[in-house]
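Secondary and tertiary structure notes
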Amino acid sequence: MPKLTVDDPYTLEPAVSVELADDARVNDVLDRARRAFRAFRGTSVADRVALALRATQAMEKRRDEIALDISRMMGKPVAQGRNEVAGMAPRARPLAEIAEASLAAVVVPKENFDRRIVKEPLGVVVDLPAWNYPLLTAVNVVMPAVLAGNAVVVKHSPRSPLCGMHFARAFEEAGAPKDLVQSLDCDHPTSERVVGDSRVDHVVFTGSVYGGHR
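All right, on to the nonpolar core then. Ranked by size, the top nonpolar core spans 61 residues in total, and within it Leu135, Phe171, Leu180 and Val181 carry the most contacts. With nine residues, the top contributor of residues to this core is helix H6 (residues 136–147). Not counting chain neighbours up to four residues away, the residues in contact with Leu180 comprise Ala36, Phe40, Leu51, Val146, Asn150, Ala151 and Val152.

This next bit is on helix H3 (residues 63–74). Taking 1.5 Å of rise per residue, the 12 residues of H3 would be expected to cover 16 Å, and the 16 Å separating its terminal C-alpha atoms lies within 8% of that figure. Of the positions making up H3, those classed as buried are Ile66, Ala67, Asp69, Ile70, Ser71, Met73 and Met74. Packing partners of the buried residues in H3 comprise strand E1 (3–7), strand E2 (14–19), helix H2 (45–61), helix H4 (78–97) and helix H7 (161–173).

Glancing now at the pattern of salt bridges. Summed over all chains, the structure comprises 17 salt bridges. A salt bridge links Arg25 to Asp28, with the nearest nitrogen and oxygen atoms 3.9 Å apart. Here Asp28 and Arg25 lie together in helix H1 (residues 23–40), a separation of three residues that amounts to about one turn. We classify Arg25 as partly exposed; its relative accessible area is 32%. Put simply, Asp69 and Arg72 hold a salt bridge, and the shortest N to O gap is 2.9 Å. Taken together, the residues span about one helical turn, with Asp69 and Arg72 both in helix H3 at a distance of three residues. With relative accessibility at 27%, the residue Arg72 sits in the partly exposed group.

Moving on: the pairing of strand E4 (residues 113–117). Bridge count for strand E3 (residues 106–110) against E4 is five bridges, and the pairing is antiparallel. Residue pairing in the sheet places Val108 in a bridge with Arg115 of E4. Here E3 folds back onto E4, and the loop between the two strands holds two residues, one of which, Asn112, carries a positive phi near 75 degrees.

This part covers the sheet that holds strand E7 (residues 181–183). Strand order across the open sheet formed by four strands is E7-E6-E5-E8, with parallel pairing between neighbours. Two strands lie at the open edges of the sheet, namely E7 and strand E8 (202–205), each paired on one side alone. Direction aside, the axes of adjacent strands within the sheet are offset by 20 degrees on average. Pairing analysis gives three bridges linking strand E6 (residues 151–154) to E7, with the strands arranged parallel. Across the sheet, residue Val152 finds its bridge partner in E7, namely Val181. Against the sheet, H1 engages strand E5 (124–128), E6 and E7, with an angle of about 155 degrees to E6. Packing against the sheet, H7 makes contact with E6 and E7, and its axis sits at approximately 155 degrees to E7.

The residue Pro161 is located in helix H7 in this model. Each C-alpha atom of the pair Pro161 and Met73 lies 8.3 Å from the other, and the pair is 88 residues apart in sequence. With residues up to four places along the chain from it excluded, the contact list for Pro161 reads Leu4, Val6, Val16, Val18, Met73, His156, Ser183 and Asp185.

The class for Asp28 is partly exposed, based on a relative accessible area of 29%. At 2.9 Å, the side chain of Asp28 forms a polar contact with the side chain of Arg32.

Conventions we followed
Residues numbered from 1 in each chain as written. Predicted model: local features only at pLDDT ≥ 70, side-chain atom pairs only at ≥ 80, totals over all residues. Heavy atoms only, no water. Core = buried A, V, L, I, M, F, W, Y, C linked by side-chain atoms within 4.5 Å. Buried < 20%, exposed > 50% of the residue type's maximum accessible area, 1.4 Å probe, protein only. Helix = DSSP H or I, 4+ residues; strand = E, 2+ residues; numbered from the N terminus. Contact = heavy atoms within 4.5 Å. Expected span 1.5 Å × (residues − 1). Salt bridge = Lys/Arg side-chain N within 4 Å of Asp/Glu carboxyl O. Pairing = 2+ DSSP bridges. Axes fitted to C-alpha atoms, helices over the stretch in contact; angles between N-to-C directions. Polar contact = N/O pair within 3.5 Å; in protein donor to acceptor, adjacent residues only side chain to side chain.

As structure tokens, this is what we get:
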């Protein structure tokens, strides 16, 4: 498989190398995501909240490691990388706190019957975050998606690929169903194919105008 090599913006030396997914890898990831969604969609909101909180704690426990990875990939000072981990958690926890109320069915009573709006998960959510705030742009999608009962594939910026892996690992350590949150690294043409794949139900993108147009 071809590889993506990320240089350290300070030293200009190679800092991170990850394999870029080919079509077989993409198919495997999306198939796994659909299976994970089917296994997860029926879980209670309370169980999802507990999972999201455990995953947040797992990220916090690896604060220094994550901060160092952020620094060597995109150049943010390590102290600011720690601050980003510290800032991510206060975004994740309020999302968990409002999940029960936000996802509750809306009931409009009528004579002799009730009208009800039930909030169902979408399926497989693909997240395309940006490199400049690699945790904050990702957590805004990953946590709400999981809390709503979806599976997530994080295709992070080629400047910050390890951040997607950190989210996937945190949910694995938190006891999530296998492959519920996955990280995928691929080139831009492959990313376009993923976005258009019928196994993907929702896409969230943070990035350039050009990327948005594509």
